[in-house]
Amino acid sequence: MSGAIVKNDMKLMIVDDSNIIRGRIARVVETGKIPDVSVVGMARNGSEALRLCQERQPDLVTMDLTMPEMDGIVCTEGLVQIKPDVRILVVSALRDKATALEALQKGALGFVCKPFTDDQLAGALNELMERQT
Amino acid sequence: MSDISEERIRVFTDAVKRYFSQTAGEAVEIDTAFLAEDGNPVYYDYTGLISISGGFRGCVYFSAPRVLLRHLLVAHGEADHREENLLDLVGEVANNFSGNAREHFGPAFAISPPVAVKGRPDRLKSDGFRRRPFVISVTWKAYTAAIAVCVEGAAQA
Amino acid sequence: MKKEKRSSPDAPAARGGWSRYRTIVISVGLFLVFDLGVLILNFTLSSQIEADAVAVNLAGRQRMLSQRTVKTLLLTQDAWRNELDTKPPLEELKLTVLLFDSTLHAFDRGGQVTGADGKPAMLAAAQPGSGREAVTQGLALWVPYKQLIDTAILEDGLDGVALGQAVDYGRANNLALLKLMNDLTVALEKGAAARAEDLRLIQVGGISLALINFVIILFHFIRKLGESDRHIEAARRETVEILDTVNEGLFLLGPDGRIGGQLSASLPRILRRAVKPGDDFFALLKDMVSESTLRTARGYVELLFAGRVKENLVGDLNPLNRLEIQVESATGSGRETRYLDFQINRVLADGMISHLLVTVSDITDMVQLQEALEAAKHRAGSEVGLLMSALSVHPAELAGFLHKTEAELLRINEQLKQKHAGPVQHQQTVQGVFRSIHAIKGEAAALGLESVELLAHDFEQTLSTLRERNSIAGDDMLSLPVHLNRLFEHLSLMKGIVDRVAGLQGAMVGAGQPGDAGESLARDLQKLADRIAQVQQKHVRVEAELGEFARLPEAARSVLKDVAIQLVRNAVYHGIEPPNDRVHAAKPEHGSIRVALHPSGTGMFEFIVRDDGRGLQPQRIREALIASGRYRLEDVSALDERTVVMKIFEPGFSTASGDADRDAGRGVGLDVVKERLAGLRAQLKVATQPGRFTEFRIQLAA
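Residues numbered from 1 in each chain as written. Chains lettered and ligands numbered in written order. Predicted model: local features only at pLDDT ≥ 70, side-chain atom pairs only at ≥ 80, totals over all residues. Heavy atoms only, no water.

### Quick word on the environment of Thr364(C)
Residues and elements named next belong to chain C. Tracing the backbone through its elements, the reader meets Thr364 in helix α8 (residues 364-382). Classification of Thr364 as buried rests on a relative accessible area of 0%. Here the alpha-carbon distance between Thr364 and Glu324, two residues 40 residues apart in the chain, equals 8.7 Å. If sequence neighbours within four positions are ignored, Thr364 has contacts with Thr337, Arg338 and Tyr339. A distance of 2.8 Å separates the side chain of Thr364 from the backbone nitrogen of Tyr339, its partner in a polar contact. (Helix = DSSP H or I, 4+ residues; strand = E, 2+ residues; numbered from the N terminus. Buried < 20%, exposed > 50% of the residue type's maximum accessible area, 1.4 Å probe, protein only. Contact = heavy atoms within 4.5 Å. Polar contact = N/O pair within 3.5 Å; in protein donor to acceptor, adjacent residues only side chain to side chain.)

The following block contains the structure:
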């Protein structure tokens, strides 16, 4: 990305209990598949995510559903309260449609099934930002 | 008869294949499929395992040697090869088992969250499993790993 | 159908409002212009006419005032002469003169005058052709007249002489003046009438134009409305046609959860229940799905309507894809399971989510096909009734079979377990497993263990399919352990039965004498031959000379038994002719198969299997070789008969035509025989004479 362009980055927070998934999502973002997005924080569970959200004010969040301490649904609910315009993408292995649906009812905007390809994730994040892919 | 169909085994092999091709860009090849010996399960350094109960009871695991997992981490772009990450990785594969299993077997089956262990998994010591688990030996980049489908007990009258 | 659908009820609307409304805007504009024009003209002319009326009125008054001037002049003179009070007539004279004078001057130059009602009124100067001449001439008469009157009226009385002169002037000019004022009035009246006529014409013209315009507008709109009606009707017809013919159930779901006004004709058929517009979708679902699915479905539909979530990112969560439902069967006999698939997409109208388009398809056939395949696989292994056949087999023999077979299965598993380096090795494994399973099948058939035979046959089918592939991937191997497992489990079931039966037999003293190995084999072979002969509609007798069989070591017995089973099977299937053919060939109706074991020299035995059938036919073998695709015509033609005959020992060779059944036609058999005999270091010879016999001779060491 050229430095001359005035950056108007969307801030992304990654919430997942897996190191690898966090790293993977971050890399997909950083390799430029999703322009103008920067990772501002990663959380291992729901409570960490809530804390981080207040501090970093992310615009986008990828959210795992099954995590220790606080699961993705409770966390989604909390995030929306802290920052109502936050756009949350649920990223989870499709274990239970009702559970994923609950997260959407609490305010998440979309769902991506694990495992995902880089392109699938990038496509979903772009769609989340209402960009043409 | 505690029979498990080829289709059900495919649910799990497909989960692994999908995981590898989607995350590492290179598919695993199924090398052999056979029945493990009585009480002598096939396993490698790290194992991710889920338990299933419902229409049938048993467990499904993915077991892989350390070197394969480290290579997979590299494919993920992860430079940190701590034990924690290796366990995390086999856990992720098993997580996909549970995702796929839930989708294919329907709500009648209870599927446990994945468990990742190093060395011989405790669960495999129990002799409640069927005598000969299905073992699907897979290769990825010249490394060998195994998917095992163990169905508990023989459920006939 | 992933993308959102946009509704387009009327295509012309999309082409922009201006062209569609131009006509009406122009029409209304014209209407306003016409009306306004008429109004302005009307207003101008009306005030003109009003002014005309005032002028006509005042002109008329001038006539009267000219007469009153003369009259009051005379009355004043009369009063003055008789020395009466002159004041009243004089006052009237003054007033009359003033009024006449100011009015006449107003007609001349325009100006304000006192109107008939005493209020001031404006007069315009009289125009030429419209009283101007009368005014000018009137002034010429009036100015001297007024001068005389003015001179006669003094401050404090009257000048008699001047008064007399004024009266004389008045008398002389009165009629002329009256006539002039009359002319003025008539001229003004004429002008007024002309203007009124103009006004009427303008009004008629304006109204006519407005009317024409109105008719045009009306005509235009009726035409437009008709066109639009036709468009709507065409669109409706198209929609109805689509809805009547599509296979999928289609309907629009409103935000209130109700089914929209139009639905496809196939919807009730797919849902197997009456559906009409306005029905509550969830009430409909309630009978079909579980409580939790219904809840999830409700949630999913609400989410789509809420508009917040991304439709493309939630499709995986639709709980109504591949929905299993119980319905009354089409034949009305009980209930049946159907599988439905509901696709739900947003419909946007003006950027808002107005409805959801629900597409329902019946995927039962697809799902049932999958399940039937699964069930078929299952059935082969699960019919416990088949186990009963185990009871008819001699327990010791059964135990031997089970033991041997289990060992063979373990050997197969070992083969599967070997690391494979690619398709070639997979191919070899499949070949190897195929031979083992085929042998197991043969043996099971010989013993009458149909359940095992069926499972083995099933396994063999799978292997056979794989064998026909050009390339076998690791993936294709997945089904092998599944079959293997079934056989394992089945054998362990039978073991349980054998144990119980053995216990039972032990309790029954002297129940049945276990026959010697030779008799047992002879019995098995006759059973096998009978069974195949029955299917083939042939008559066969097995002549066994197996008295020496028990003297052979266990390993040799096992191999010879397999070999005998295979050769007898082939003999019945391929060698022995149908009864009619045999009679034609002057042979006995019953074919005969001789199975014999004799000592031949020191420590050697000769095992013979000979049938009196049609013999090996090199031509048929040649045809089969070509048909197998492994040999070309020229290659086969080049072979001598002896070489051709020996080809029957190649893997995969078969002359059986049509579908493979379990007794022959798989192309495995003789290669198994050859392989097993090689293990015993036995020698195999074939002799045959077309139309007469086929004989296999096996030399082996005891």
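### Let's talk about the sheet that holds strand β3 (residues 60-63) of chain A
Residues and elements named next belong to chain A. Taken in spatial order, the 5 strands of this open sheet run β2-β1-β3-β4-β5, and their pairing is parallel. A single partner strand is all that each edge strand has here, and the edge strands are β2 (37-43) and β5 (110-114). The average angle at which neighbouring strand axes cross in this sheet is 20°, direction not considered. Across 4 bridges, the pairing between strand β1 (residues 10-15) and β3 is parallel. Along β3, the bridge assignment pairs Leu12 with Leu60. The sheet strands contacting helix α5 (residues 118-128) are β1, β3, β4 (87-93) and β5, and the helix crosses β4 at an angle near 155°. (Pairing = 2+ DSSP bridges. Axes fitted to C-alpha atoms, helices over the stretch in contact; angles between N-to-C directions.)

### So, the pairing of strand β2 (residues 46-53) of chain B
All names here are of chain B. In terms of burial, β2 is largely enclosed, as 7 of its 8 residues are buried. Bridge count between β2 and strand β3 (residues 58-64): 7 bridges; the pairing is antiparallel. Across the sheet, residue Ile52 finds its bridge partner in β3, namely Gly58. Direction of pairing for β2 relative to strand β5 (residues 115-118): antiparallel, over a ladder of 4 bridges. The partner of Gly48 across the bridge, within β5, is Ala116. Pairing between β2 and strand β4 (residues 110-111): 2 bridges, direction antiparallel. Of the residues in β4, the one forming a bridge with Ile52 is Ile111.

### Regarding the nonpolar core
With 74 residues, the main nonpolar core has Phe12(B), Phe20(B), Phe62(B), Phe97(B), Leu409(C), Ile437(C) and Val452(C) as its most contacted residues. Considering every element that reaches this core, the biggest residue donor is helix α3 (residues 83-105) of chain B, with 8 residues. Setting aside chain neighbours within four positions, we find Ile437(C) in contact with Leu409(C), Ile412(C), Ala456(C), Phe459(C), Glu460(C), Leu463(C) and Leu487(C). Membership of the second largest hydrophobic core comes to 59 residues, among which are Ala43(A), Cys113(A), Leu294(C) and Val358(C). (Core = buried A, V, L, I, M, F, W, Y, C linked by side-chain atoms within 4.5 Å.)

### Section: α5(A)
Those residues of α5(A) not exposed but buried are Leu121(A), Ala122(A), Ala124(A), Leu125(A), Asn126(A) and Leu128(A). In the core, the buried residues of α5(A) are packed alongside β1, α1 (19-33), β3, β4 and β5 of chain A.

### With respect to the pattern of salt bridges
Residue and element names in this part refer to chain C. What the rule picks out here adds up to 46 salt bridges over all chains. In this structure, Asp183 and Lys179 form a salt bridge, with 3.2 Å as the shortest nitrogen-oxygen distance. Of the two residues, Asp183 and Lys179 both sit in helix α4 (residues 160-245), 4 residues apart, roughly one turn of that helix. You can call Lys179 exposed: its relative accessible area is 52%. Between Lys441 and Glu460 there is a salt bridge, and its shortest N-O distance comes to 2.7 Å. Pair noted here: Lys441 is in helix α11 (residues 423-447) and Glu460 is in helix α12 (residues 450-468), with a separation of 19 residues, a long-range link. A single burial state applies to Lys441 and to Glu460, both of which are buried. (Salt bridge = Lys/Arg side-chain N within 4 Å of Asp/Glu carboxyl O.)

### Points about empty space enclosed by the protein
All names here are of chain C. Under the definition given, this model contains 3 cavities of 30 Å³ or more. By volume, the second largest cavity is sized at about 70 Å³. Elements that contribute at least two residues to the lining of the second largest cavity include exactly α11, α15 (554-575) and α20 (670-680). Top contributing element to the lining of the second largest cavity by residue count: α15, with 4 residues. Residues lining the lining of the second largest cavity come from more than one domain, with at least three contributed by each of domain 3 (375-506) and domain 4 (515-702). (1 Å grid on protein atoms, 1.4 Å probe; cavity = no way out; pocket = protein on both sides within 12 Å on 5 of 7 lines; lining within 4 Å. Points joined across faces, edges and corners; volume = space filled by probe spheres on them. Domains from an automatic or database assignment.)

### A closer look at the interface of chain A and chain B
Taken residue by residue, the interface counts 18 residues in chain A and 21 residues in chain B. At the boundary of chain A with chain B, total buried surface from both sides reaches about 1700 Å², with 45% on carbon and sulfur atoms. For the interface between chain A and chain B, the tally reads 1 salt bridge. With a shortest N-O distance of 3.9 Å, Lys114(A) and Glu92(B) are connected by a salt bridge. Taken together, the connections running from chain A to chain B amount to 5 residue pairs in polar contact (both at pLDDT 80 or more). When residues of the side of chain A that touches chain B are traced back to their parent elements, those giving at least two are α1 and β5 of chain A. Here the element with the most residues in the side of chain A that touches chain B is α1(A); it accounts for 6 residues. (Buried area = accessible area lost by both parts, 1.4 Å probe.)

### A closer look at the packing of aromatic side chains
In this structure the tally under the stated criterion is 11 aromatic pairs over all chains. Here a set of aromatic residues connected by ring pairs shows up, and it is made of Tyr19(B), Phe20(B), Phe62(B) and Trp140(B). (Phe/Tyr/Trp six-rings, centres within 6.5 Å; stacked < 30°, edge-to-face > 60°.)

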